[in-house]
Amino acid sequence: MNNENNKPQQKEATKKPNKFKAIFKNKIFWICFGVVLLGGIIAWCAVAPGDTQKILNIKVCVARLIGLFCILTLGLLLGRVTIKGISFGSAGVFLVALLIGAIFALPSIRNADWIKQFALEKSDIEIYNDAFGNLGLALFATAVGFIAGPTFFRSFKTNAKIYITMGIAVTFIGVVITALIGLLPLTGNAKLNPFLASGIFSGAITSTPALAAAKEVAGTGDAATLVTIGYAVTYPLGVLGVVLFIQLMPKILKADMSMERGLLIVKALKQEMNEEKDEAKRSAEGIVKKEYFKIDEYGLTPFAIAVFFGMIIGAINIPLTPDGFGGPAFSLGTVGGCLLMSIIFGHFGHIGKMSFEVPAPTNKTFREFGLIVFLAGIGVGGGYDLVYQITNDTGLITGPIIAYSILLGLVITIVPMFIGYVMGKKLFKLPLLNNLGAITGSMTSTPALGALIGMAKTDDVAIAYASAFPIATILTAVAMTFYLQLATI
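About the criteria used
- Residues numbered from 1 in each chain as written.
- Predicted model: local features only at pLDDT ≥ 70, side-chain atom pairs only at ≥ 80, totals over all residues.
- Heavy atoms only, no water.
- Helix = DSSP H or I, 4+ residues; strand = E, 2+ residues; numbered from the N terminus.
- Buried < 20%, exposed > 50% of the residue type's maximum accessible area, 1.4 Å probe, protein only.
- Contact = heavy atoms within 4.5 Å.
- Core = buried A, V, L, I, M, F, W, Y, C linked by side-chain atoms within 4.5 Å.
- Phe/Tyr/Trp six-rings, centres within 6.5 Å; stacked < 30°, edge-to-face > 60°.
- Axes fitted to C-alpha atoms, helices over the stretch in contact; angles between N-to-C directions.
- Parallel < 35°, antiparallel > 145°, perpendicular 65-115°, else oblique.
- Left-handed = near helix turned anticlockwise from the far one by under 90°.
- Nonpolar A, V, L, I, M, F, W, Y, C, P; charged D, E, K, R; others polar.
- Polar contact = N/O pair within 3.5 Å; in protein donor to acceptor, adjacent residues only side chain to side chain.
- Salt bridge = Lys/Arg side-chain N within 4 Å of Asp/Glu carboxyl O.
- pLDDT = per-residue confidence, 0-100.

A.B. asks: Explain the overall build of the protein to me, please; I cannot follow it from the model alone.
C.D. replies: Summing up its helical and strand segments, the protein has 18 helices and eight strands in all. Counting the 489 residues in the protein, one finds 46% classified as buried. In the protein, once contacts between residues fewer than 6 apart in sequence are set aside, the share between residues at least 24 apart is 79%.

Printed below as a string of structure tokens:
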């Protein structure tokens, strides 16, 4: 009996809390430990002999990566701020990137000793514009293509005329507005420089292929700089304009988003039911669905293959004039090439016995990450170029030119969208979300697609975007080439 009575006491003794474990589980302990450790490192660096300017051993490439993730963090936090139901979303990253690029273009900041390791020089902008920008574009476009691929060709077959017409109309209206305003006098009898106008157009509709085509015609020197300036001034307006249009239209129309979302879901379900009927029919006929070999669980290999071939196809130049490759040429670019390849891979789903399916979580992760990396890269470059031209007094940009560029950019951004929306609603009877998806594709606005997907809470809107985007991409590049050739005769 005594032994039995002692057992509970022994168990209670073994359950006594371990003081060391309690300390290590205490959050305050680890906070204090971290503060003391950091303070000790700072104190040692302060008293250590040698050049104290080398306290941070950071290479240029690492400093740029630190800057990138700093921009992503601050931008995403800004994008979460919501005022009366309106938020910047992923475009918050672009605003922060634009601000940081502009700040580092100021000589007083760029030459300060305390920030030299992180300061941006003119040559460093290529890292953001080319490396980060193209990486983000490739990831985003490929993810969108894989998402839209399984239903793209069926949707395109039934709605091809609608999306092609909207893409042509929006692009044509923007080019006509650019040409007409370019004929108006700027100061005295002087008119808007056509190279500046082409940059304004490219930025207002956020078209990288149009920018590339314009810079190809401009070559080097002041003409190329004017294209860049016009793009840098209007690109922020283009991004924010389309994003706000997408978010404001449902509120202005007081649309029932649950119903609009339901229309997309019902359509998607009908397509799935038709696919299931076809599969059941094939099964009844003895045709069994094959199981394909998956290289990896997360679909990273087919995704990487699509990016690889997409970027190669996007880099192929097609001459537009009898001058051949010595004259202006057209290319799909990173977005067009990656989007084309991923739509094809997503549609077929396999090559031979190898599966090319990419899981939805992988696509969504790459889509969001690619978008914000692209916005960070292009934002830093745009902000830096604009302030650099002003502070260095190159004479290419003045107050009236900036004001005129902003006015022209706003008109090019807003007017085609409204006309396109009216066409989609009145002429083609498109549901709201399909209409807005077609407009984002016609405006070639990747940030707006991200905002639309977040607002619609469904990836089905990407089908309308992917349908309108290719024709708009091609037309904007071709239109800018011919516009500059005619304007500079």
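Further notes follow.
A.B. asks: What is the right way to read the nonpolar core from this model?
C.D. replies: Nonpolar side chains in soluble globular proteins tend to end up buried together. Among the nonpolar cores identified, the biggest contains 114 residues, and I71, F245, I246, I412, L436 and I439 are the most heavily contacted of them. Residues in contact with L436, not counting those within four places in the same chain, are F245, I246, M249, P250, L452 and M455.

A.B. asks: Could you clarify how one ought to interpret the packing of aromatic side chains in this entry?
C.D. replies: Aromatic ring pairs: the centre-centre distance and the angle between the two ring planes describe each pair. Tallied over the entire structure, the rule returns four aromatic pairs. Seen from their ring centres, F245 and F418 are 5.2 Å apart, and the 90 degrees between their planes marks the pair as edge-to-face. In this pair, F245 is assigned in helix α10 (residues 222-252) and F418 in helix α15 (residues 399-427), connecting sequence segments 173 residues apart. Ring geometry for F308 and F309: centres 5.1 Å apart, planes at 80 degrees, overall edge-to-face. Overall, the relative accessible area of 40% leaves F309 in the partly exposed class.

A.B. asks: Help me understand helix α17 (residues 446-456) in this model?
C.D. replies: Owing to its 3.6 residues per turn, the α-helix brings residues three or four apart onto one side. The element α17 is largely enclosed, with a buried count of 10 among its 11 residues. Taken as a whole, α17 has its buried residues at T446, P447, A448, L449, G450, A451, L452, I453, M455 and A456. Residue K457 follows α17 closely and has a positive phi angle near 60 degrees.

A.B. asks: Help me out: how do you make sense of the environment of M311 in this one?
C.D. replies: Relative to the assigned elements, M311 resides in helix α12 (residues 300-314). Taking the relative accessible area as the measure of exposure, M311 reaches 35% and is therefore partly exposed. Separated by 22 residues in the primary sequence, M311 and G333 have C-alpha atoms spaced 7.3 Å apart. For M311, the contacting residues outside a window of four places in its chain are A138, T334 and C338.

A.B. asks: What is the right way to read unusual backbone geometry from this model?
C.D. replies: In this model, K429 sits at a positive phi of 55 degrees, which is unusual for a non-glycine residue. In this structure, K429 sits in the loop between α15 and α16 (432-442).

A.B. asks: What's the story with the side chain of S405 in this structure? I'm lost.
C.D. replies: Tracing the sequence through the fold places S405 in helix α15. For S405, the contacting residues outside a window of four places in its chain are L196, I200, V233 and T234.

A.B. asks: Hey, could you run me through the packing of helix α8 (residues 194-204) against α10 in this one?
C.D. replies: Helix packing for two helices is described by the angle between their axes and how far apart those axes are. The contact between α8 and α10 brings their axes to 6 Å, and the two run at 30 degrees. On the basis of the axis angle, α8 is roughly parallel to α10. When the axes of α8 and α10 are compared, the crossing they make is right-handed. Residues F195, L196, S198, G199, I200, S202, G203 and A204 of α8 lie in contact with α10, whose contacting residues are A223, L226, V227, I229, G230, Y231, T234, Y235 and G238. When the residues that make up the contact of α8 with α10 are grouped by side-chain class, the tally is 10 nonpolar, seven polar and no charged.

A.B. asks: I tried to follow α8 on my own but got confused; where do I start?
C.D. replies: Burial analysis of α8 places 11 of its 11 residues in the buried class, which makes it a mostly covered element. Within the span of α8, buried status applies to P194, F195, L196, A197, S198, G199, I200, F201, S202, G203 and A204. Capping the start of α8 is the job of one residue whose side-chain oxygen sits 2.8 Å from the backbone nitrogen of F195: N193. In the stretch just after α8, T206 is the one whose phi turns positive, near 50 degrees.

A.B. asks: For this particular structure, what's the right way to read the pattern of salt bridges?
C.D. replies: Evaluated as defined, the whole model comprises one salt bridge. When the shortest N-O distance is used, the salt bridge between R367 and E368 registers 3.0 Å. A relative accessible area of 31% places E368 in the partly exposed class.

A.B. asks: What should I look at first to understand the side chain of T142 in this one?
C.D. replies: Along the chain, T142 falls in helix α7 (residues 125-183). At 2.7 Å, the side chain of T142 and the backbone oxygen of A138 are in polar contact. With residues near it in sequence (within four places) discarded, T142 still touches F303, A306, V307, C338 and S342.

A.B. asks: Sorry, what's going on with the packing of α10 against α17 here?
C.D. replies: Two elements in contact, α10 and α17, have axes separated by 8 Å at closest approach and are oriented at 25 degrees. Classed by the angle they form, the pair α10 and α17 counts as roughly parallel. Note on packing geometry: the crossing formed by α10 with α17 is right-handed. The segment α10 lies against α17, with V239, V242, V243, I246, Q247 and P250 engaging P447, A448, A451, L452 and M455. Classifying every residue of the contact of α10 with α17 by side-chain character gives 10 nonpolar, one polar and no charged.

A.B. asks: Would you mind showing me how to read the confidence of the model for the protein here?
C.D. replies: Low pLDDT marks stretches whose predicted atomic positions should not be read closely. Residues at a pLDDT of 70 or more form 72% of the protein, whose mean pLDDT is 75. Mean pLDDT across the elements of the protein bottoms out in helix α1 (residues 2-14) (52) and peaks in α12 (88).

A.B. asks: Help me understand the environment of A131, please; the structure alone is not making it clear to me.
C.D. replies: Mapped onto the secondary structure, A131 falls in helix α7. Residue A131 is classed as partly exposed on the basis of its relative accessible area of 41%. Sequence-wise, A131 and G377 are 246 residues apart; in three dimensions their C-alpha atoms are separated by 7.9 Å.

A.B. asks: For this particular structure, what's the right way to read the environment of A143?
C.D. replies: With respect to the secondary-structure elements, A143 resides in helix α7. Distance in space between the C-alpha atoms of A143 and E368 is 9.0 Å, their sequence separation being 225 residues. In contact with A143, not counting residues within four places along its chain, are F303, N363, F366 and R367.

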